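Inside the fold
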Amino acid sequence: MLNLAAPTDPAWTAKALAHLDEVLLGHAHCEQKAAGMAVRLLFRYPDHAFLLAPISELAREELAHFEAVLRLLERRGIPFRRQRPSPYAGRLRSHIRSAEPERLLDTLLCCALIEARSCERFKLLAEAVDDPELARFYDALLASEARHHRLYVDLAARLGPADGVRERLRALAEREAAILGEAPPLARMHS
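Treat the numbers as computed from the prediction; the structure is a model and nothing was measured.

1. What about the environment of Met 37?
If you trace the backbone, Met 37 turns up in helix α2 (residues 20-44). It is 8.1 Å that separates the C-alpha atoms of Met 37 and Ala 59, two residues lying 22 residues apart in sequence. Sequence-distant contacts of Met 37, defined by excluding residues within four places in its chain, comprise Arg 93, Thr 107 and Cys 111.

The following block contains the structure:
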């Protein structure tokens, strides 16, 4: 279960299919940012031994995904370049509490929700895109995105009582759904 409070609006898929180059470029940026976030967690929380090995492995996998998207962009003649970011992740992170251990808990849960939304949207793309290479590509990423989501939730569960963690995940999932509902109409993985 992906713990999302609301499904993606069907209009997103049509917009994504109409602007696949931008979606692919945005996807590369998302993988890059996901790897960076994992590495930041390693540096910010070196005293949380339970995070180190799984987050290190996740960072490597995110970098491998980044490299895979770069290769896909290259095959399609799409240069990797800066892209105006969607405000999605920043707005979601604005709900992270500042005091520890709540900050770490919320960070892990926000990462879980971002991975969940990616998983959901990869599935939508895999099912809707006419290009067999892209359909296979997105279908192949589903399991790892779902696994990343579960990893972040499981790590967060080690930080507090199960009921409290579930309630915080539910509250953040509702915020995440609202943020998407208010997002500008950009052709991005998270808009």
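Back to the write-up after that little detour.
2. Some remarks on the packing of aromatic side chains
Inspection of the entire model under this criterion finds three aromatic pairs. Aromatic side chains Phe 137 and Tyr 138 sit 5.3 Å apart centroid to centroid with 75° between the ring planes, which places their arrangement in the edge-to-face category. The pair formed by Phe 137 and Tyr 138 is uniform in burial state, with each residue classed as buried. Taken together through their ring pairs, the aromatic side chains of Phe 122, Phe 137 and Tyr 138 make up a single cluster.

3. Some thoughts on the nonpolar core
Core analysis: the largest hydrophobic core is formed by 30 residues, its most contacted members being Leu 41, Leu 51, Ile 55, Leu 92, Leu 108, Leu 109 and Tyr 152. Secondary-structure elements contributing two or more residues to this core are α2, α3 (49-75), α4 (88-93), α5 (102-128), α6 (132-157) and α7 (162-181). Sorting elements by how many residues they give to this core places α5 first, with nine residues. Apart from residues lying up to four places away in sequence, Leu 109 is in contact with Ala 156, Val 165, Arg 168, Leu 169 and Leu 172. Counting 26 residues, the second-largest nonpolar core is a separate cluster that includes Ala 16, Leu 24, Ala 28 and Val 129.

4. Brief notes about α5
Spanning 27 residues, α5 covers 39 Å between terminal C-alpha atoms, matching the ideal 39 Å at 1.5 Å per step. The buried fraction of α5 is high, at 21 of 27 residues.

5. Topic: the pattern of salt bridges
A full pass over the atoms with the stated rule returns 16 salt bridges. The salt bridge partner of Glu 127 is Lys 123, with a shortest N-O separation of 2.3 Å. With Glu 127 and Lys 123 both in helix α5 and four residues apart, this pair spans about one turn of that helix. For the salt bridge of Asp 154 with Arg 150, the shortest nitrogen-to-oxygen distance reads 3.1 Å. Taken together, the residues Asp 154 and Arg 150, both in helix α6 and four residues apart, mark about one turn of the helix. For Asp 154, a relative accessible area of 40% translates into the label partly exposed. Given the relative accessible area of 37%, Arg 150 is considered partly exposed.

6. Concerning a positive patch on the surface
A cluster of basic side chains, namely Lys 33, Arg 40, Arg 44 and Arg 93, defines a positive patch on the protein surface. No other element matches the three residues that α2 contributes to the positive patch. Residue Arg 93 is classed as partly exposed on the basis of its relative accessible area, which comes to 41%.

7. Some remarks on the state of the cysteines
If you walk through the whole model with that rule in mind, you get zero disulfides. Unpaired in this structure, Cys 110 has its nearest cysteine sulfur neighbour in Cys 111, at a distance of 7.2 Å. Here Cys 119 is not disulfide-linked; the sulfur of Cys 30 is the nearest cysteine sulfur, at 14 Å. A residue is classified by how much of its surface remains accessible, and Cys 119, at 8% relative accessible area, is buried.

Rules used in this analysis
- Residues numbered from 1 in each chain as written.
- Predicted model: local features only at pLDDT ≥ 70, side-chain atom pairs only at ≥ 80, totals over all residues.
- Heavy atoms only, no water.
- Helix = DSSP H or I, 4+ residues; strand = E, 2+ residues; numbered from the N terminus.
- Contact = heavy atoms within 4.5 Å.
- Phe/Tyr/Trp six-rings, centres within 6.5 Å; stacked < 30°, edge-to-face > 60°.
- Buried < 20%, exposed > 50% of the residue type's maximum accessible area, 1.4 Å probe, protein only.
- Core = buried A, V, L, I, M, F, W, Y, C linked by side-chain atoms within 4.5 Å.
- Expected span 1.5 Å × (residues − 1).
- Salt bridge = Lys/Arg side-chain N within 4 Å of Asp/Glu carboxyl O.
- Patch = residues over 30% accessible without salt bridge, like charges linked within 9 Å, V, L, I, M, F, W, Y side chains within 5 Å.
- Areas by Shrake-Rupley, 256 points an atom, 1.4 Å probe, with all protein chains shown as cover.
- Lys, Arg positive; Asp, Glu negative; His and termini not counted.
- Charge placed at Lys NZ, Arg CZ, Asp CG, Glu CD.
- Disulfide = S-S within 2.5 Å.

The analysis is restricted to geometry; functional conclusions fall outside its scope.
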